[in-house]
Amino acid sequence: MNKSWSTEDYLQQLTAKGFKFGEDSLGFIEFGKHYTDSSDYLVNIAIEITLKAQKQFDGSFFVSFLEMIKQEQVRTKHAAFELAKEKKII
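Notes on the structure in this doc start here. Per-chain numbering applies: the sequence of each chain, read as written, is numbered from 1 onward. Residues qualify for local features only when their pLDDT is at least 70, as the model is predicted, and side-chain atom pairs are given and counted only at 80 or more; totals for whole chains, interfaces and linings, by contrast, use all residues. Values shown for side chains rest on all heavy atoms present in the structure; no hydrogens or waters enter the calculation.

## Considerations on helix H5 (residues 77–86)
In this scheme, a residue with accessible area under 20% of its type's maximum is buried, one over 50% is exposed, and one in between is partly exposed, where area comes from a 1.4 Å probe on protein chains only. For helices the rule is a DSSP run of H or I covering at least 4 residues; for strands it is a run of E covering at least 2, with both sets numbered from the N terminus onward. When H5 is considered as a whole, its buried residues turn out to be Ala-80, Phe-81, Leu-83 and Ala-84. Within H5, the buried residues cover an arc of 160° as seen down the axis, which keeps them to one side. What points out from H5, more than 90 degrees from its buried face, is the exposed set His-78 and Glu-86. Buried residues in H5 make contact with helix H3 (40–54) and helix H4 (59–71). A positive backbone phi angle near 60° is found at Lys-88, which sits one or two residues after H5. Think of the arc as the fan of directions from the helix axis to the C-beta atoms. Contacts: residue pairs with any heavy atoms within 4.5 Å of one another.

The structure is reproduced here in structure tokens:
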């Protein structure tokens, strides 16, 4: 994942790799981004970890994880993965 990618660009990359995002998934992503006031970078990390942990996109898991990384003040992909491992998410 490129750090400067917008969430839209990141989703297009994932779609090109075969992941499918329905309207409900896109709604959860937009809701989570605005609800947590997160940057595209953090949203993209939360999407990646959601897909790794759930093997598909799970909107409620995504929003919960995004809330967690905001609460824990995670700023990097490495720190997000460390948090996911610590919480036994992945």
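So much for the structure itself; the text now carries on.
## What about the packing of aromatic side chains?
Two rings belonging to Phe, Tyr or Trp (six-membered ring only in the last case) form a pair when the distance between their centres is within 6.5 Å. Interplanar angles under 30 degrees mark stacking, angles over 60 mark edge-to-face geometry, and anything in between is tilted. Scanning the model with the defined rule gives 5 aromatic pairs in all. Their ring planes at 40° and their centres at 6.1 Å tell us that Trp-5 and Tyr-10 sit as a pair that is tilted. When its relative accessible area of 24% is taken as the criterion, Trp-5 is described as partly exposed. Among the residues examined, Tyr-10 registers a relative accessible area of 6% and is labelled buried. When the ring of Phe-31 is compared with that of Tyr-35, the centres are 5.2 Å apart and the planes differ by 15°; the resulting orientation is stacked. Taken together, the residues Phe-31 and Tyr-35, both in helix H2 (residues 23–36) and 4 residues apart, mark about one turn of the helix. We classify Phe-31 as partly exposed; its relative accessible area is 46%. A connected cluster of aromatic rings, assembled from ring pairs, spans Phe-21, Phe-57 and Phe-62.

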